[in-house]
Amino acid sequence: MDQKKNSLTTGNMSIFNHFIKKGKTEQKTVPILHTKFGDLNLSKADDRNEVRKLIVDLMQNTDALTRKDIGDWRAAWQMAINVDTPNRVRLYNIYRDVEADLHLSGCVSQRKGFVMSRSFKLSKPDGSPDEEAVKLFNTTWFKDLMDYCLDANYWGFSLIEMGDVTTDENGLMKFDSVTLIPRKHVIPEKGRVTHYENEAWQSGIDYHQPPFCDWLIEAGRKDDLGLYLKAATQTIPKKNTFGFWDNFGEMFGIPFRVAKTTSRDGKDLDDIENMMNKMGSAGWGIFPEGTEIEIKETAKGDVYNVFDKRIDRANSELSKLVILQTMTIEDGSSLSQSQTHLQILQNLVEKDADRFRDVVNDQLIPLMIKHGFPVKGLVFDWDYSIDYTPEQQREYEKMLLDNYEIDGSYFEDKYGVPVGERRSGTSTPSRDSNNQNNAHGSFFD
């Protein structure tokens, strides 16, 4: 029997106590779950499976892409931090606009990309690597999980559901999907998932109870609202500034066209109007002879800098927020400064990587063990030896060759180059030897 369906069958159904109405039959009591979509008999396998679909298939509403301002942001923030009835729906509507900012998207992608491109390993209790276990994780579902977990840095919290356990064409166990529970339905402060947006958390489902907790991964702190909260203070005025700039360009960037006529004939006026429309997108007007039109441009300040500098400042502030510096995504002034800024970003990436490693070791691996994956006793970690730069790799191998006898199979496996016997007359130098003409010369010279 499918493990997930079995967990729903045998799991603790107390989560439905406030939904269930027990109806007596002639021989036994039948638990009935009343929903908007009809009654479900929990003693029937098909209805029990339908329960889980109702929980995951939440009633989602289309986001309203309306114009936001700082007043909306402040009101949404206040609703989200309400102690008794926390509600993030309005704040997440703003986050959807924040996420669309191109510069911010670049910063987020850069920070996430450094983590997702890292190599990893799984170690046995004795510290030796388990190459077979790595194959279980080197899959699409694991990359999707990592992506959702890293998103918690910006949204504040991610509740992720693992799919059914299946096997691939090679017989390796895997999850058939990884799904992000819609954020607007999750109340992390209360540990509940609601069927509808803005629904009271008391009527939601406690996802910490089985069988739901057996398939869920939590990323982020329950009280964290994410970096997009602060980013909104820059993306909202930036978006409005773009709009003002477009309006300015429309009004003053293209010469205004005036057609003068003494005719009052409607057909003549229609012909002139059609001609003006076909001449381009600039503003135009048809006025009686003697009418005067005056367009005054602002005489103070550099209008270009008023808009462009504000957008540049917003971008630099977003860079400092997400990647703690500006030079890895914007123009730099010197090599030394860029190296310093890169080190700042690397420290930040290390922090993100460390948090994701904890999610895997503390939540994912125990969940996988529960569902029969052969990962008991294994520890997930990042494999820094694979991620060395070519220069670092050269120095690393040089150090090994200078101090130890290295089996030629190491180079065969790594570089795919057949390695024969050591050349006659060569020897491995001692640590204090000044002679650098040794075996490694054939690899690096």
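Since the structure is predicted, the reported quantities are computational estimates derived from the model, not experimental observations. (Residues numbered from 1 in each chain as written. Predicted model: local features only at pLDDT ≥ 70, side-chain atom pairs only at ≥ 80, totals over all residues. Heavy atoms only, no water.)

**A few points about the layout of surface pockets**
By volume, the largest pocket amounts to about 540 Å³. In this structure, the largest pocket is lined by 24 residues; those nearest its centre are Ala152, Asn153, Arg221, Asp224 and Arg355. Broken down by secondary-structure element, the contributors of at least two residues to the lining of the largest pocket are helix H7 (140-155), strand E12 (216-219), helix H8 (228-253) and helix H11 (335-370). Looking at which element gives the most residues to the lining of the largest pocket, the answer is H11, with seven residues. Among the residues making up the lining of the largest pocket, the classes are represented as eleven nonpolar, five polar and eight charged. (1 Å grid on protein atoms, 1.4 Å probe; cavity = no way out; pocket = protein on both sides within 12 Å on 5 of 7 lines; lining within 4 Å. Points joined across faces, edges and corners; volume = space filled by probe spheres on them. Helix = DSSP H or I, 4+ residues; strand = E, 2+ residues; numbered from the N terminus. Nonpolar A, V, L, I, M, F, W, Y, C, P; charged D, E, K, R; others polar.)

**What about unusual backbone geometry?**
Note the cis peptide between proline 210 and proline 211, where omega equals 5 degrees. Looking at where proline 211 falls in the secondary structure, it is placed in the loop between strand E11 (205-206) and E12. In this model, asparagine 198 sits at a positive phi of 65 degrees, which is unusual for a non-glycine residue. Structurally, asparagine 198 is set in the loop between strand E10 (192-193) and E11. Despite not being glycine, leucine 324 shows a phi value in the positive range, around 65 degrees. Considering the arrangement of structural elements, one finds leucine 324 in the loop between helix H10 (303-323) and H11.

**Some points on the nonpolar core**
Within the largest apolar cluster, 61 residues are counted, with the highest numbers of intra-cluster contacts made by Phe137, Phe142 and Leu364. A total of ten residues in this core trace back to one element, the largest contributor, which is H11. Leaving out residues up to four positions away in the same chain, phenylalanine 137 has contacts with Phe120, Leu122, Phe142, Val360, Leu364, Ile365, Met368 and Val375. The next biggest cluster of nonpolar side chains, apart from the first, holds nine residues, and it includes Phe157, Leu159, Tyr207 and Phe212. (Core = buried A, V, L, I, M, F, W, Y, C linked by side-chain atoms within 4.5 Å. Buried < 20%, exposed > 50% of the residue type's maximum accessible area, 1.4 Å probe, protein only. Contact = heavy atoms within 4.5 Å.)

Fair warning: the whole summary comes from geometry, so function is off the table for now.
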